[in-house]
Amino acid sequence: MAAPMEARVPDIGGYNDVPVIEVLVKPGDSVAKDQGLVTLESDKATMEVPSSVAGVVKEIRVKLDDRVAEGTVVAVI
């Protein structure tokens, strides 16, 4: 069994304090590499934060209306 990996917010163009508008997975869900985990919304666009690995979601570290920035951990997979 592989060690848990943290899925983090990638480079989002220098924005800080970007709200989470949708959580797409929950603990226990199986995810594929590059599958969306949460949706963020800046003043210019919405974007999904993808999973960096395939596996099972162990923990979600953000919830609706949380504010995130580049590097924030969104899930443990």
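Refer to the preceding data block for the structure.
Reading the values: rules and limits
- Residues numbered from 1 in each chain as written.
- Predicted model: local features only at pLDDT ≥ 70, side-chain atom pairs only at ≥ 80, totals over all residues.
- Heavy atoms only, no water.
- Pairing = 2+ DSSP bridges.
- Helix = DSSP H or I, 4+ residues; strand = E, 2+ residues; numbered from the N terminus.
- Core = buried A, V, L, I, M, F, W, Y, C linked by side-chain atoms within 4.5 Å.
- Buried < 20%, exposed > 50% of the residue type's maximum accessible area, 1.4 Å probe, protein only.
- Contact = heavy atoms within 4.5 Å.
- Salt bridge = Lys/Arg side-chain N within 4 Å of Asp/Glu carboxyl O.

Draft legend 1. Spotlight on the sheet that holds strand β9 (residues 73-76). The 3 strands are arranged β1-β9-β7 in an open sheet whose pairing can be described as antiparallel. Two strands close off the open sheet at either side, each with one partner strand: β1 (6-8) and β7 (59-60). In this structure, β1 lies alongside β9, joined through 3 bridges in antiparallel fashion. Its bridge partner being in β9, Arg-8 is matched across the sheet by Val-73.

Draft legend 2. Region of the structure containing unusual backbone geometry. At Asp-17, a residue that is not glycine, the phi angle is positive and equals roughly 65°. In this structure, Asp-17 sits in the loop between β1 and β2 (18-23). The phi dihedral of Asp-65 falls on the positive side, at around 75°, and the residue is not glycine. Its location among the elements puts Asp-65 in the loop between β7 and β8 (67-68).

Draft legend 3. How the structure looks around the nonpolar core. Counting 17 residues, the largest nonpolar core has Val-9, Leu-37, Val-38, Leu-40 and Val-74 as its most contacted members. Mapped by element, the contributors of at least two residues to this core are β2, β4 (36-41) and β9. If you tally residues by element for this core, the top one is β4, at 3 residues. Filtering out sequence-adjacent residues up to four positions away, Val-9 remains in contact with Leu-40, Val-49, Val-68, Ala-69, Glu-70, Gly-71, Thr-72 and Val-74.

Draft legend 4. Region of interest: the pattern of salt bridges. In the structure shown here, the tally under the stated rule is 6 salt bridges. Among the salt bridges present, the one from Arg-67 reaches Asp-17, with a minimum N-O distance of 3.8 Å. Of this pair, Arg-67 sits in strand β8 while Asp-17 sits in the loop between β1 and β2, and the two are 50 residues apart along the sequence. With relative accessibility at 49%, the residue Arg-67 sits in the partly exposed group. Residues joined in a network through salt bridges with shared partners are Glu-6, Arg-8, Glu-59 and Arg-61.

Draft legend 5. View of the sheet that holds β4. With antiparallel pairing, the 4 strands of this open sheet are ordered in space as β5-β4-β2-β8. Here the strands that pair on one side only, and so sit at the sheet edges, are β5 (46-50) and β8.

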